[in-house]
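Listed below are the residues making up each chain.
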Amino acid sequence: MSTAHTTGPAGTHHVLMLGAGYAGMAAATQLAARTRKADVRVTLVNAHERFTERLRLHLTATGQRVAELDIPTLLADTGAHFVRGWVTAVDAQARTVRIDDSRVLRYDTLVYGLGSVTDTAVVPGVEEHAYTLDGPSDATTLADRLARLGGGTVVVVGGGLTGVESAAEIAERHPELDVVLVGRQDPGARMTARARSHLRAALTRLGVQVISGTAVTKVLPDGVELAGARTIAADVVLWTAGTRVSPLAAAAGLTVDERGRVVTDATLRSVSHPDVYAIGDAAAIRQGYGVLHGTCQSGMPTGVPGPTSRPGRGVGRRLVRGHRHRHLPGRRAARHARRPGRDQRWSGPGVQRCGPRGRHHLPRHRRRWPRHRHPQRGQPRQAPSGRRRHHPPSPDGLSR
Ligand SMILES: Cc1cc2nc3c(=O)[nH]c(=O)nc-3n(C[C@H](O)[C@H](O)[C@H](O)COP(=O)(O)OP(=O)(O)OC[C@H]3O[C@@H](n4cnc5c(N)ncnc54)[C@H](O)[C@@H]3O)c2cc1C
C-alpha cells in the first residue's frame, strides 16, 4: 500500500502542479519566484523529463532538428521542484494525487495543467491508421515514414492551424509528395478574411490541395472516406482535427465542461473546488466573450500572472487571485515570462514562445521576426536551409 506524503517541512504550503506544458512551466516558474521568501513549496509533476514543444512538432515531423529541452534543467535555480511520473488519479476530497499508481502526493493547492491530446476517437480508423502529433515520438515516426515514401499522397485532416502548419511544412520539405488538406471549414476559418486569403495563397504556392466543407467519416488503411462515400487514396493520413483532455478532472468530481475541461472563473479557480486552479488547454476559462480557446498563445498567459496580479495572503492569491485572466497577445505573454532573475532558463534561447499563431503555418524562412521586434534581440531566427521560393510581402508584416 502506498502512503501519502508531502515533501518539505511541516507547515509548508504545498502547491502541486500537474503537467509541465507551456502553461505548467510558466506557472511553476512564476509561482516559485513569487513565493521564494514564503513558506511554500512548488512541485511540478510531468510524465517525461523532456519538455514537449508541441509548437514545433510539425518541424520534427518533417525531419528538422529542434532543441531537446530538459525540464529539471529548465527549472534549475527557479525554486520549483520536479517529479517525474504519470498522474493516475486526483482525490479532491483528501487533497492527494496518485502517481504511477504507487506514489501519493499531498497538496494544499493544486494547479491542474495536463493539457490535451489529439482526439482519435471521433471517427473510426483514426486510432489504427492515422498519424498524430502528440509528442516527439509520434512526430519522429511520421518523419521516418515521410522520408521513406519518395512519392505519393499525404492527407492532412483538420483545417485548423495545426493542420495548416503541418500541411505547409510537409509540402515545403517534401516537394515530391502530393499534400491534400481536408477540413470541414476553410483553412483558418476563425481568422480574418485577409488572413484566410493569405493562408490560401500560401497553400496554393506550396502546391497543397485544399478540400474544405467536407467531413472525413472514416480513416482507411490506404486513404480516407469523406461524407458522401467519396474516398481519397493516401499513403499517409495525419489527423489534426480536434483535441480531448484527460478524464482525471471529471473522475475527481471537479466541475468540467462538455469536453472534460475544468470549469474555472476568471481567476482560473475551479468553480467547484476552491483549492484547485486550472490552466492551459485543460481549463475552460470563462471570459466575457465565451470560453478561452485552447492554444499555447492563450494558455501560456494563464500560467503567467499578468500585471493585474497583486501579492497577497496565501498561495492561491499569489498565483492568480487578483489576476483576472486577460488574453495577452503572444509577445506580451512572452515578455511576462521573461522577467530577468525569475525564469530566464525556462524562457531562454531554444524555447519556442507562442507568437501570433498566424505565422507558424508558414515555412520557416517566412516566419522570421523583424530584427527590432524579435523576442531575443540580436538573435534573429535561423535562415532556412530548404528550397527557396519567391514570396510576396505577408499581410501581417512579420514574416519578411
Ligand atoms: C503541431 C502543433 C502546433 C501548434 N502550434 C501552435 C501555435 O503555433 N500557437 C499556439 O498558440 N498553439 C499551438 N498549438 C497548440 C498548443 O501546443 C497547445 O495549446 C499548448 O501546448 C497547450 O499547453 P498546455 O500547457 O496546456 O498543455 P500541453 O502542452 O499539452 O502540456 C501538458 C503536459 O502534461 C503532461 N501530462 C498529460 N497528462 C499527464 C499525466 N496523466 N501525468 C503526467 N503528465 C501528464 C504532458 O506530458 C505534457 O507535458 C500547436 C499544437 C500542435 C500539436
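Just above, that's the structure.
The residue numbers shown here count from 1 along each chain, following its written sequence. Two thresholds apply to this predicted model, a pLDDT of at least 70 for residue-level local features and 80 or more for giving and counting side-chain atom pairs, whereas whole-chain, interface and lining totals are computed over all residues. Water and hydrogen atoms were dropped before computing side-chain values, which therefore reflect all heavy atoms in the structure.

A. Summary view of the overall build of the protein. Strands here mean DSSP runs of E at least two residues long; helices mean DSSP runs of H or I at least four residues long; both are numbered from the N terminus. Within the protein one finds eleven helices and 23 strands. Residues classed as buried in the protein amount to 53% of the 400 residues present. Contact criterion: two residues are considered in contact whenever any of their non-hydrogen atoms come within 4.5 Å of each other. Of the contacts formed within the protein by residues at least 6 apart in sequence, a portion of 64% connects residues at least 24 apart. The Shrake-Rupley method, run with a 1.4 Å probe sphere, supplies the accessible areas, and residue values consider only the shown protein chains as cover. A total accessible area of about 17700 Å² is found for the protein, and carbon and sulfur atoms account for 48% of it. We call a residue buried when its accessible area falls under 20% of the maximum for its residue type, exposed when it is over 50%, and partly exposed in between, using a 1.4 Å probe and counting protein chains only.

B. Representation of the environment of R103 in the model. Looking at where R103 falls in the secondary structure, it is placed in strand β9 (residues 103–106). Owing to a relative accessible area of 32%, R103 belongs among the partly exposed residues under this scheme. Through-space distance from the C-alpha of R103 to that of V87 is 9.4 Å; in sequence the pair is 16 residues apart. Sequence-distant contacts of R103, defined by excluding residues within four places in its chain, comprise V83, R84, G85, V97 and R98. Within 3.5 Å is the distance limit for a polar contact, defined as a pair of N or O atoms, with the added protein rule that one can donate a hydrogen and the other accept it, and that residues adjacent in sequence qualify only through two side-chain atoms. A polar contact is formed between the side chain of R103 and the backbone oxygen of R84, at a distance of 2.9 Å. Within polar-contact distance, the side chain of R103 engages the side chain of D100 at 3.3 Å.

C. Summary view of the sheet that holds strand β14 (residues 209–212). When DSSP finds at least two bridges between two strands, those strands are taken to pair. Taking strand neighbours across the sheet as the criterion, the four strands line up as β14-β13-β12-β18 in an open arrangement whose pairing is parallel. Each having just a single partner strand, β14 and β18 (236–239) make up the two edges of the open sheet. Going across the sheet, the axis of each strand differs from the next one's by a mean of 20°, ignoring polarity. Across four bridges, the pairing between strand β13 (residues 177–183) and β14 is parallel. Following the sheet pairing, V182 is matched in β14 by I211. For helices, the fitted axis covers only the stretch in contact; all axes are lines through C-alpha atoms, and the angles between them, taken along N-to-C directions, range from 0 to 180 degrees. Running at roughly 150° to β18, helix α5 (residues 136–149) makes contact with β12 (152–157), β13 and β18 of the sheet.

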